Amino acid sequence: MIIDEFIAKIEGHGALDIDWANKKARLRILEGERLFEGILVNRPAEEAPWITSRICGVCPIAHNLASVKAAEAALGIVPNKTTILLRKLMMASQIIQSHVLHAFFLASPDYLGIDSGIELAKKNPEIFKTAINLKGIGDEISLAVAGRSVLPTTTTIGGFHKIPAKKTLTELSGKLEKNLNYAIAAAKIFAKLNYPQYNIELEFISQTDKKNYPGYESEIIISSQKDDSAIEDYKNDIQEEVRLDSTAKFGRYHEKAIMVGALARLATHHDYLDPVCRKYLRATNFNNPFHNNLAQAIEILHFYKKAQEIVGILLREKLDPTVAVPSANPPLKGIGAVEAPRGGLYHEIHLNDKGKITFINIITPTVQNLPSMEKSAQAILDQSPKISLAEARKLIEMLIRAYDPCITCAVH
Amino acid sequence: MINDKKLKLGLFDFTDCEGCQVELVGLKEKLLALSEKVEIVNWRLGQAKAQWEQFDIALIEGAPLTPGEIDLLKIIREKSRLLVGLGTCATLGGIPAILDKEERQQWYNKIYGPEYEGRGVDALPLSAYVKIDFLIHGCPISGNEAARIFSDLINGKKLNYKDYSVCFECKLANLPCRLLEKKPCLGPIAQGACGAICLKGGSACYGCFGIKEGANVGALLTILNKFASEEEIENYFSMFHNKSKLYDHR
């Protein structure tokens, strides 16, 4: 039956083809095309963040804010400080929610020898408790700031329809303080898991402002091989290849297969991590793509601390609920770039003078990771001459899960 | 439906954002309690184990966009005692249904190039292809409402919707009326149970829980026509109702 070819426990529908005679691995992406870049044309700019957040139920905040930033750039809007802080808090919750869902519920069973996240409840109750509590905290931050745990309701171009009350933030602060031990436990749990040991040369790419650990603020794209580029050149520097048997495109950076996401951010920005995360870095092998799941756990802790810090600032400062307005003679073209849970995300929006969308282009992190997944899969086949086809399939499916692909995003 | 054997549940996803499954996972302990009462025999997103015999309950998230998904939907229907749609992509066609079938070709050309042959046929609700036993609407679903319906489902009760519109929930929450502020809103005709969550956040209501049975769509249109342009009204209805039959009634 057709559904059995889909790789289990990843977001969206993809299949792995192994040509065993020639020892070659290839991915086929089979998710239906929703054509978001068509859906949005002729609709008002204000609908862009609402609609693009529905590209992905796992990282809706990342899409929502990428569209908001693109529209603000197009309209010459400069949001206020409260807005920026609240968006950074949303991004922190986004990373926590997405990484917990993936690393604990979808990936960790691979390393624990069980089949599903639900089995954790009985077989690894401590891990399950950690996951449930962290998912709860991520959801609560989202609910407080974005209005809902999945798919934001409060955000708009220029600011927020509604900002959280100080009382809500005080409660959030208390909950964050009380549950910090779970965020530390996440890093500890993943530092001790048994990962397949492979050494594969990986080139990492991350957006950055060169001042903070990557997230909401992005100014340039940096590479672990010192091959930087400007966000404005994203479309030239990240080339997308169309394959006729795949509904997702395959993206390469300067023609090379690169890795984006948690392991890439950690490799390029470990100096910016919260100090409490540093000791878990020692366990990280940046030549082992399976360690992306460890990097996700370290990021859960980092963004948890970040969330605490931002809530602290919001509590100390006077909050400004003003929604910023468009400037005179705006450029009507803008790019919104954020580091989504799975890596660099780009939305480019063009508007007409009535505020209607005339063009939108979206490049997602998973599109950029697909060639790297194939490259690493190939390395596993090359480095493991003695394994059987069944073992190879199992191992490569684990590898693909370790990359945390979001195929719904990749196709969009 | 009371017997000793656990009910066999299949949870399937077609083309969509998978956010409704994320809402289910967000139920945490509640989900765990419900999952104790059923045996999840097929759930691609949650487990590798997959059985293909009979299902007592099949939950389907997403719109059947590709020929493979349409075929699979028919197979699942044959194997299932109860087939339930989960989320607006499954129940109304969702956001992808904003595009009409005829429009898709030009976007395949623009987005993928002329060589590419699109897989997606058209974004239609499950009900366009097979008989559905119940629809759990929402973009995304409300976790609590879904938990209520699951509980009734598992216990063999008759399934029903809440007897109120989003407008009623908005009033309960003491929110300012968008229509009085001359902003379009589908709250008065939209099926309730979401808790008016979008309106609480300051967003509009596009009626993602479906049009409430017996709703006076014409009366709302009369009000909307007083301050909104035809195009603006069209926009609001097209968000989730481009392919829903009730849309033709206005």
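Residues numbered from 1 in each chain as written. Chains lettered and ligands numbered in written order. Predicted model: local features only at pLDDT ≥ 70, side-chain atom pairs only at ≥ 80, totals over all residues. Heavy atoms only, no water.

(A) Structural detail: the overall build of chain B. Within chain B, the secondary structure is distributed over 10 helices and 5 strands. In summary, chain B has a C-alpha radius of gyration of 19 Å against a globular reference of 18 Å for 250 residues, a match within 12%. Each principal axis of the C-alpha atoms in chain B carries an extent, and together these give about 55 × 50 × 30 Å. Counting across all 250 residues of chain B, residues that qualify as buried make up 60%. Put simply, 74% of the contacts in chain B that link residues at least 6 apart link residues at least 24 apart. Accessible area for chain B stands at about 10700 Å²; split by element, carbon and sulfur atoms hold 53% of it. Computed over 31 positive and 32 negative side-chain charges, the inter-centroid distance for chain B is 5 Å. (Helix = DSSP H or I, 4+ residues; strand = E, 2+ residues; numbered from the N terminus. Rg over C-alpha atoms; globule rule 2.2 N^0.38 Å. Buried < 20%, exposed > 50% of the residue type's maximum accessible area, 1.4 Å probe, protein only. Contact = heavy atoms within 4.5 Å. Areas by Shrake-Rupley, 256 points an atom, 1.4 Å probe, with all protein chains shown as cover. Lys, Arg positive; Asp, Glu negative; His and termini not counted. Charge placed at Lys NZ, Arg CZ, Asp CG, Glu CD.)

(B) Inspection of the pattern of salt bridges at higher detail. Residues and elements named next belong to chain A. Using the criterion set out here, one finds 40 salt bridges over all chains in the structure. D17 is paired through a salt bridge with R28; the nearest N and O atoms lie 2.7 Å apart. A residue pair is termed long-range when its members are at least 10 positions apart, and D17 in strand 1 (residues 14-19) and R28 in strand 2 (residues 24-29) qualify at 11 residues. Judged by relative accessible area, D17 falls into the partly exposed class, the value being 28%. Of the residues examined, R28 reaches a relative accessible area of 18% and is grouped as buried. Residue E171 pairs with K167 through a salt bridge whose shortest N-O separation is 3.5 Å. Remark: K167 and E171 occur in helix 7 (residues 166-192); sequence separation between them is 4 residues, near one turn of the helix. The exposure class assigned to E171 is partly exposed, which follows from its relative accessible area of 43%. Look at K167 and you get exposed, because its relative accessible area is 63%. A cluster of three or more residues bridged by salt bridges with shared partners is formed by E241, R243, R252 and E374. (Salt bridge = Lys/Arg side-chain N within 4 Å of Asp/Glu carboxyl O.)

(C) Here's a closer look at the interface of chain B and chain A. On the side of chain A, 66 residues touch chain B, which itself brings 63 residues to the contact. When chain B packs against chain A, the two sides together hide about 5300 Å² of surface, and 64% of this comes from carbon and sulfur. The interface formed by chain B and chain A contains 2 salt bridges. Between K356 of chain A and E231 of chain B there is a salt bridge, and its shortest N-O distance comes to 2.4 Å. At the junction of chain B with chain A, the criterion picks out 27 residue pairs in polar contact (both at pLDDT 80 or more). Its residues assigned to classes, the side of chain B that touches chain A shows 34 nonpolar, 15 polar and 14 charged. (Buried area = accessible area lost by both parts, 1.4 Å probe. Polar contact = N/O pair within 3.5 Å; in protein donor to acceptor, adjacent residues only side chain to side chain. Nonpolar A, V, L, I, M, F, W, Y, C, P; charged D, E, K, R; others polar.)

(D) Quick peek at the sheet that holds strand 6 (residues 220-223) of chain A. Residue and element names in this part refer to chain A. Strand order in the open sheet formed by 3 strands is 5-6-7, with antiparallel pairing between adjacent strands. Two strands close off the open sheet at either side, each with one partner strand: strand 5 (205-208) and strand 7 (229-230). Both strand 5 and strand 6 contribute to a ladder of 4 bridges, which runs antiparallel. Opposite T208, over in strand 6, you have I220 as the bridge partner. The strands that helix 9 (residues 262-269) touches are strand 5 and strand 6; relative to strand 5, the one it contacts most, it runs at about 65 degrees. (Pairing = 2+ DSSP bridges. Axes fitted to C-alpha atoms, helices over the stretch in contact; angles between N-to-C directions.)

(E) Spatial organisation of helix 7 of chain A. Residues and elements named next belong to chain A. In this model, helix 7 (27 residues) spans 39 Å end to end at C-alpha, consistent with the 39 Å of a helix rising 1.5 Å per residue. By the largest-angle criterion, N179 marks the main kink of helix 7, which is about 50 degrees. By the burial criterion, the buried members of helix 7 are L169, L172, L176, N179, L180, Y182, A183, A185, A186, A187, I189 and F190. Residues of helix 7 that are buried make contact with helix 4 (81-112), helix 6 (125-146), helix 10 (278-281) and helix 11 (292-316). (Expected span 1.5 Å × (residues − 1). Bend = angle between axes of the 7 residues up to and from the residue.)

(F) Broad picture of the environment of N242 of chain B. Residues and elements named next belong to chain B. Looking at the secondary structure, you find N242 in the segment after helix 10 (230-241). Between the C-alpha atom of N242 and that of I223, which follows or precedes it by 19 residues, the distance is 20 Å. A polar atom in the side chain of N242 sits 2.8 Å from the backbone oxygen of A97. At 2.8 Å, the side chain of N242 and the backbone oxygen of I98 are in polar contact.

(G) Layout of the UniProt feature "binding site: Fe cation" (unreviewed entry) in chain A. Residue and element names in this part refer to chain A. Here, UniProt's "binding site: Fe cation" (unreviewed entry) annotation points to C59 and C409. The greatest C-alpha distance among the residues just named is 8.7 Å, despite their covering 351 residues of sequence, which places them together in space. In this structure C59 comes out as buried when scored by relative accessible area, which is 3%. Sequence-distant contacts of C59, defined by excluding residues within four places in its chain, comprise Q94, P341, R342 and C409. For C409, the position within the fold is in helix 14 (residues 407-411). Judged by relative accessible area, which is 3%, C409 ranks as buried. Beyond its immediate stretch of four places on either side in the chain, C409 contacts I55, C56, C59, H63 and T364. (UniProt positions renumbered as here; feature names shortened; annotations may be inferred.)

(H) How the structure looks around the pairing of strand 1 (residues 7-13) of chain B. Residue and element names in this part refer to chain B. Across the 7 residues of strand 1, 6 count as buried, placing the element largely inside the fold. Pairing of strand 1 with strand 2 (residues 38-43) involves 5 bridges; the strand directions are parallel. Residue L9 lies in a different strand from strand 2, and its bridge partner there is I40. Inspection of the sheet shows strand 1 paired to strand 3 (residues 55-61) by 5 bridges, in the parallel sense. Considered in strand 3, the bridge of D13 is made with E61.

(I) Representation of the UniProt feature "binding site: Mg(2+)" (unreviewed entry) in chain A within the structure. Residue and element names in this part refer to chain A. As annotated by UniProt and renumbered to match this structure, "binding site: Mg(2+)" (unreviewed entry) occupies E37, I362 and H412. A stretch of 376 residues holds the annotated residues, and the largest C-alpha distance among them is 8.5 Å, short enough that they meet in one place. In this fold, I362 is placed in strand 12 (residues 357-363). With sequence-adjacent residues up to four places away left out, I362 is seen in contact with E37, T52, I55, E240, L345, Y346, H347 and H412.

(J) Quick peek at the sheet that holds strand 11 (residues 343-351) of chain A. Residues and elements named next belong to chain A. A sheet is described by the order of its strands in space; here 3 strands give the open sequence 10-11-12, paired in antiparallel fashion. Of all strands in the sheet, those bounded by a partner on one side alone are strand 10 (333-340) and strand 12. For this sheet the average axis-to-axis angle between neighbouring strands, irrespective of direction, equals 15 degrees. Against the sheet, helix 3 (residues 60-75) contacts strand 10 and strand 11, and its axis sits at roughly 150 degrees relative to strand 10.

(K) Inspection of the side chain of Q94 of chain A at higher detail. All names here are of chain A. Examined against the element boundaries, Q94 turns out to sit in helix 4. Classification of Q94 by relative accessible area gives buried; the value is 0%. At 2.7 Å, the side chain of Q94 forms a polar contact with the backbone nitrogen of I61. At 3.2 Å, the side chain of Q94 forms a polar contact with the backbone nitrogen of A62. Beyond its immediate sequence surroundings of up to four residues, Q94 is in contact with V58, C59, P60, I61, A62 and P341.

(L) Spotlight on the nonpolar core. Grouped together as the largest cluster of nonpolar side chains are 176 residues, with contacts concentrated most on F104 and F290 of chain A. Looking at this core, the element that brings in the most residues is helix 4 of chain A, giving 16 residues. Beyond its immediate sequence surroundings of up to four residues, F290 of chain A is in contact with Y111, Y195, P196, Y198, I380, L395, M398, L399 and A402 of chain A. L11, L45, I136 and A146 of chain B belong to the second-largest nonpolar core, a separate cluster that totals 28 residues. (Core = buried A, V, L, I, M, F, W, Y, C linked by side-chain atoms within 4.5 Å.)

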